[in-house]
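# Coordinate analysis (summary)
One-letter residues, chain by chain:
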Amino acid sequence: MSLRKTIVGQFKNPHGWLGSIAGWIMANRRSNRQRNLWTVDLLQLKPDDRIIEIGCGPGLALEACLAQAAAGEVVGLDHSRTMLDQARVRNAGASSDGRLQLRLESLDELPPGLGPFDKLYSANVVQFLPDRAAAFRKIHALLKPNGIAATTYMPRSKNPSRAEALAMADEIEGHMKVAGFVGIRIEELPLRPVPAVCIIGEHA
Ligand SMILES: C[S@@+](CC[C@H](N)C(=O)[O-])C[C@H]1O[C@@H](n2cnc3c(N)ncnc32)[C@H](O)[C@@H]1O
């Protein structure tokens, strides 16, 4: 297997030194920074929002949330210790003053009692979730009434296409409707080689 494929294979659950490299790539790739900041902008954060990111990776978007919700609380959840270590270093101030909580957990095995949140989001994670219908039921349960969930996805297959991105968006819209979200809309961010999509909905 090529080194590139080996590193890309780490994105689902980065670990060890190859996982650290994968985290460095996520934190420094221009298009990834754009996708993450765009997702946070779409959430239209309020200063005192309580926010959770699923699969926070190296903590790029957490940094943006902490800046925009300056009196809020932010939780970063990831099942990779390697990623949480990078997120902690990137957000050291907020981590030590208690505004940022980093949790080593999988969305698949969430402990009871987490939440409720005003805003919930993920970027580049949904493709790794083994049961997306169940995941969106959990996501709905984590939100306050009128809370907002945003899911950003950009296909990373060998020959990615806009159709692939929109097919995932349609699938997620369906799971969100069943889970109880309303006002669902799909946004696109023009990136190369294909746009990123973000599916946003409100907790009814
Ligand atoms: C491609 S990375 C994206 C990281 C970050 N969101 C970003 O865009 O820079 C995917 C992240 O999701 C995490 N992840 C994947 N499945 C997960 C799950 N079921 N529960 C929690 N974290 C998960 C991985 O450990 C990894 O950090």
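Keep in mind that what you see is a predicted model, and the values were worked out from it rather than measured. (Residues numbered from 1 in each chain as written. Predicted model: local features only at pLDDT ≥ 70, side-chain atom pairs only at ≥ 80, totals over all residues. Heavy atoms only, no water.)

## Some words on the site of the ligand
The test is simple: Note on definitions. A residue lies near a molecule or strand when any single heavy atom of the residue is within 4 Å of it. In protein, a polar contact means a hydrogen-donor-capable atom and an acceptor-capable atom, both N or O and within 3.5 Å, with residues adjacent in sequence counting only if both atoms are side-chain atoms; elsewhere, any N or O pair within 3.5 Å suffices. Residue-level accessible areas treat just the shown protein chains as cover; the underlying method is Shrake-Rupley with a 1.4 Å probe. Numbering of helices and strands runs from the N terminus, with a helix taken as a DSSP run of H or I at least four residues long and a strand as a DSSP run of E at least two residues long. The nonpolar class holds Ala, Val, Leu, Ile, Met, Phe, Trp, Tyr, Cys and Pro. Asp, Glu, Lys and Arg form the charged class, and all remaining residues, Gly among them, are polar.
Contacts to the ligand come from 26 residues, most closely from Asn32, Gly55, Asp78, Ala123 and Asn124. At 2.9 Å, a side-chain N or O of Asn32 approaches an oxygen atom of the ligand. The separation between a nitrogen atom of the ligand and a polar main-chain atom of Leu107 is 3.0 Å. When the free accessible area of the ligand is taken as 590 Å², the share hidden by the protein chains comes to 98%. Every element with two or more residues in the shell around the ligand is listed here: α3 (30–42) and β2 (73–78). For the shell around the ligand, the residue count by class is twelve nonpolar, nine polar and five charged.

## Focus on helix α2 (residues 16–28)
Let me state the cut-off plainly: The span one expects for a helix is its residue count, reduced by one, times 1.5 Å. Exposure categories follow from relative accessible area, calculated using a 1.4 Å probe and restricted to protein chains: below 20% of the type maximum is buried, above 50% is exposed, and the middle band is partly exposed. Contacts: residue pairs with any heavy atoms within 4.5 Å of one another.
For α2, built from 13 residues, the straight-helix expectation of 18 Å at 1.5 Å per residue is met to within 8% by its first-to-last C-alpha distance of 19 Å. Every buried residue belonging to α2 is among Leu18, Gly19, Ala22, Gly23, Met26 and Ala27, and all of these are buried. Looking at the buried residues of α2, the elements they touch are α1 (3–8), α3, α4 (60–68) and α5 (81–90).

## Some words on the packing of α3 against α4
Basically, it comes down to this: Only the stretch in contact is used when a helix axis is fitted, and all axes are lines through C-alpha atoms; the angle between N-to-C directions ranges over 0 to 180 degrees. Here a crossing is taken to be left-handed if its near helix is turned anticlockwise relative to the far helix by less than a right angle, and right-handed if that turn runs clockwise.
At a minimum axis distance of 9 Å, the contact between α3 and α4 shows a crossing angle of 35 degrees. In the packing of α3 onto α4, the handedness of the crossing is right-handed. Along the contact surface, α3 presents Asn32, Arg33, Asn36, Leu37, Val40 and Asp41, while α4 presents Leu60, Ala61, Ala64, Cys65 and Gln68. For the contact of α3 with α4, the per-class residue count stands at six nonpolar, three polar and two charged.

## Side note on the sheet that holds strand β7 (residues 196–203)
Operational definition: Between any two strands, pairing holds if DSSP finds at least two bridges.
On the basis of which strands lie adjacent, the open sheet formed by seven strands has the order β3-β2-β1-β4-β5-β7-β6 and mixed pairing. Across the chains shown, the open sheet's two edge strands, defined by having one partner strand only, are β3 (100–104) and β6 (181–189). Across the sheet, the axes of successive neighbouring strands diverge by a mean angle of 15 degrees, strand direction being ignored. By the bridge criterion, five bridges tie strand β1 (residues 50–54) to β2 in an arrangement that is parallel. Bridge pairing in β2 places Ile52 opposite Val75.

## Concerning the side chain of Gln86
Here Gln86 lies in helix α5. Within the structure, Gln86 has its side chain in polar contact with the backbone oxygen of Ser20 (distance 3.1 Å). Once you skip the residues sitting within four places of it in the chain, Gln86 turns out to touch Ser20, Gly23, Trp24 and Pro58.

## Considerations on the pairing of β2
What counts, and what does not: Seen with its strands pointing away from the viewer, a crossover is right-handed when the path leading from the first strand over the helix to the second is clockwise.
Counting buried positions over the six residues of β2 gives five, a clear majority of the element. Regarding topology, α4 serves as the crossover connection from β1 to the parallel β2, and that connection is right-handed.

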